[in-house]
Amino acid sequence: MHIQWYPGHMTKAMRMMQEAVKQVDCVIYMLDCRAIASCINPKFDEMIAGKPTLYILGKSDLVEAKDVKLWSSYFASQGKNFVIADNISGRQRGQIIDKLKLINKPMLDKYASKGANKSIRAMVVGVPNTGKSTLINSLCASKRAITGNRPGVTRGKQWVSLAEGIELLDTPGAVPPAFEDQQKALHLAFIGSIKEDILHLDELAIEIINYCRKNNYDRFCERYRLEKIDEDNVQVFDDVAKSRGYLLGKKGYDYDRTAKAMIYDFKNQKLGKIMLDYPENQK
Ligand SMILES: Nc1nc2c(ncn2[C@@H]2O[C@H](COP(=O)(O)OP(=O)(O)OP(=O)(O)O)[C@@H](O)[C@H]2O)c(=O)[nH]1
Ligand SMILES: [Mg+2]
């Protein structure tokens, strides 16, 4: 399966961000812990060059703590500012605000020396569905930004102010215009950052079977009441469909429904926690 998805609204969104970045003091870069390397968009990196940046390793509740640790060591070794966060709980609110103040300290000190009080303007960027709007809501402790578990929920730009003198700009998610590394595109599809309509669901499900055969074997068998994951992927489809009772009259099994069930289960932790990307030289 070759994944290519760059709808018109992303071109528009990138243009808007390129303008907006000139007016902000810093950037909050949202990453999904399950696929951190795949969430890095080189176009964002170019756009934010030179701006103080705080990386949020978000959705940390969806991965094993030991796996996130590998990434925190990696980010620390690169001298990057980051917070590991579960933005639904919002538990890291204080930590995120402190880090924002820290990365903006030179600018804040400059204003303070002139007796002026300056607010921090931060633009939140990230590929779709990483939790940008959820982060903003958790920081302002109310549902100001619209969220949803599918890519492309935020369309326009939206400023939200916090009592701490911080202004946050929500932006629409954007992926790179072309995926040179299709493995990364696949990982983005797995975490719901690519619109499902453009994906071949059966091929995506086969990738899930392959992943589970290597990483979540027992959980897969348990979920679909199988004794083993067969070597032959078509047989696995049959086994899952049979166990679920997904039949198409007398014509055999309903593969579409079977694929959708596996994709849903994979994305919603029913097949266990998943970790799709590791830092270089790990694992
Ligand atoms: N488990 C978990 N889910 C999260 C977390 N943060 C966000 N979500 C969920 O992820 C989905 C996407 O969240 P949004 O905040 O809409 O994502 P976004 O980055 O603004 O998406 P776009 O506007 O489409 O680019 C929603 O269903 C959120 O509830 C988190 O820390 N943990
Ligand atoms: Mg959003």
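Our subject in this report is the structure included herewith. (Residues numbered from 1 in each chain as written. Chains lettered and ligands numbered in written order. Predicted model: local features only at pLDDT ≥ 70, side-chain atom pairs only at ≥ 80, totals over all residues.)

## Brief notes about the environment of F82
- Residue position: F82 is located in strand β3 (residues 81-84).
- Along the backbone, F82 and M30 are 52 residues apart, and their C-alpha atoms lie at a distance of 9.9 Å.
- Not counting chain neighbours up to four residues away, the residues in contact with F82 comprise L54, Y55, L57, S72 and F75. (Helix = DSSP H or I, 4+ residues; strand = E, 2+ residues; numbered from the N terminus. Contact = placed C-beta atoms within 7 Å.)

## Details of unusual backbone geometry
- Although it is not a glycine, N129 adopts a positive phi angle of roughly 70°.
- Relative to the helices and strands, N129 resides in the loop between β4 (120-125) and α7 (132-140).
- Of note in this structure, R225 is not a glycine but carries a positive phi near 50°.
- You can see R225 is positioned in the loop between α10 (217-224) and α11 (233-244).
- Note on R225: 11 C-beta atoms within 10 Å, which makes it exposed. (Buried ≥ 20, exposed ≤ 12 C-beta atoms within 10 Å, placed from the backbone.)

## A look at the sheet that holds β3
- On the basis of which strands lie adjacent, the open sheet formed by six strands has the order β3-β2-β1-β4-β6-β5 and mixed pairing. Looking at which strands have only one partner, the edges of the open sheet turn out to be β3 and β5 (158-162). Geometrically, the sheet is characterised by an average inter-axis angle of 25° between neighbouring strands, direction not taken into account.
- Summarising the sheet, β4 and strand β6 (residues 166-170) pair through four bridges and their orientation is parallel. For R121, the partnering residue across the bridge sits in β6 and is E167.
- Against the sheet, helix α5 (residues 93-103) engages β1 (26-32), β2 (53-58), β3, β4 and β6, with an angle of about 175° to β3. (Pairing = 2+ DSSP bridges. Axes fitted to C-alpha atoms, helices over the stretch in contact; angles between N-to-C directions.)

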